[in-house]
Amino acid sequence: MPVSGWDKNDTLTYDVSPLKAGRYREVVGVRIDRSYPFMSLSLVVKQTILPSGYTHYDTLNCKLVDENGKYRGQGISFYQQTFHLNTIRLHDGDSLHINIKHNMKREVMNGVSDIGFRIDKE
């Protein structure tokens, strides 16, 4: 993530190589620092399964700070959490193209240091 902040128009892109058939659990990881100004982060995740071209959109609301102002997740100066996005079924040879962007009112989000995507076979 740029030190200057994550601009609303900046889309993060992840490509997952072809996988074997099965059910997969999708997880988004978020890492923030103490300069993050809100209690949660809203993300829009667009995923396309290839070669079929099926596209699916999800909105993920990540609660990062509790109602008492305590940072959730693990860390000391940076706080990391993971959030379950979806469980999907893939066919042999399917791959994924994932785009993630923030859906916050502020144009530039400061304090977000990393966004990651992981897929685990169930």
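Residues numbered from 1 in each chain as written. Predicted model: local features only at pLDDT ≥ 70, side-chain atom pairs only at ≥ 80, totals over all residues. Heavy atoms only, no water.

### Things to note about the overall build of the chain
- What the chain contains, in helices and strands, is 0 helices and 9 strands.
- The C-alpha radius of gyration of the chain comes to 15 Å, within 12% of the 14 Å expected for a compact globule of 122 residues.
- Within the chain, buried positions represent 41% of all 122 residues.
- As displayed, the chain offers around 7100 Å² of accessible surface, 48% of which is attributable to carbon and sulfur atoms. (Helix = DSSP H or I, 4+ residues; strand = E, 2+ residues; numbered from the N terminus. Rg over C-alpha atoms; globule rule 2.2 N^0.38 Å. Buried < 20%, exposed > 50% of the residue type's maximum accessible area, 1.4 Å probe, protein only. Areas by Shrake-Rupley, 256 points an atom, 1.4 Å probe, with all protein chains shown as cover.)

### A short note on the nonpolar core
- Core analysis: the biggest nonpolar cluster contains 32 residues, and V30 and L41 have the highest contact counts within it.
- Those elements giving two or more residues to this core turn out to be β2 (12-16), β3 (22-33), β4 (40-50), β5 (54-63), β6 (78-90), β7 (95-102) and β9 (112-121).
- Residue contributions to this core peak at 5 residues, all from β6.
- Aside from chain neighbours lying at most four places away, what touches L41 is W6, V30, Y36, L60, N61, C62, L64, H102, M104, V112 and I115. (Core = buried A, V, L, I, M, F, W, Y, C linked by side-chain atoms within 4.5 Å. Contact = heavy atoms within 4.5 Å.)

### A closer look at the pattern of salt bridges
- One pass over the full model with this rule turns up 3 salt bridges.
- The partner of D114 in a salt bridge is R31, and the shortest N-O contact between them spans 2.9 Å. Of this pair, D114 sits in strand β9 while R31 sits in strand β3, and the two are 83 residues apart along the sequence.
- Classification of R31 by relative accessible area gives partly exposed; the value is 30%. (Salt bridge = Lys/Arg side-chain N within 4 Å of Asp/Glu carboxyl O.)

### Thoughts on the environment of F38
- The residue F38 is located in the loop between β3 and β4 in this model.
- Between the C-alpha atom of F38 and that of G111, which follows or precedes it by 73 residues, the distance is 9.6 Å.
- Those residues in contact with F38 that sit more than four places away from it in its chain are V65, M104, R106 and M109.

### Digging into the sheet that holds β6
- Strands sit in the order β6-β3-β9 across an open sheet of 3 strands; the sheet is antiparallel. Strands with a single pairing partner mark the edges of an open sheet, and in this sheet they are β6 and β9. Averaged over all pairs of adjacent strands, the angle between strand axes in this sheet comes to 15°, irrespective of strand direction.
- With 12 bridges connecting them, β3 and β6 associate as antiparallel partners. (Pairing = 2+ DSSP bridges. Axes fitted to C-alpha atoms, helices over the stretch in contact; angles between N-to-C directions.)

### Digging into the sheet that holds β7
- The antiparallel open sheet is built from 4 strands, whose spatial order is β2-β7-β4-β5. A strand with exactly one partner marks an edge of an open sheet, and here the two such strands are β2 and β5. Strand-to-strand twist in this sheet, taken as the mean axis angle between neighbours without regard to direction, amounts to 20°.

### Looking at the side chain of N99
- One can find N99 in strand β7.
- Relative accessible area serves as the criterion here: at 16%, N99 is assigned to the buried category.
- There is a polar contact of 3.2 Å between the side chain of N99 and the side chain of T13.
- Among residues more than four places away in sequence, those in contact with N99 are T11, L12, T13, V44, V45 and K46. (Polar contact = N/O pair within 3.5 Å; in protein donor to acceptor, adjacent residues only side chain to side chain.)

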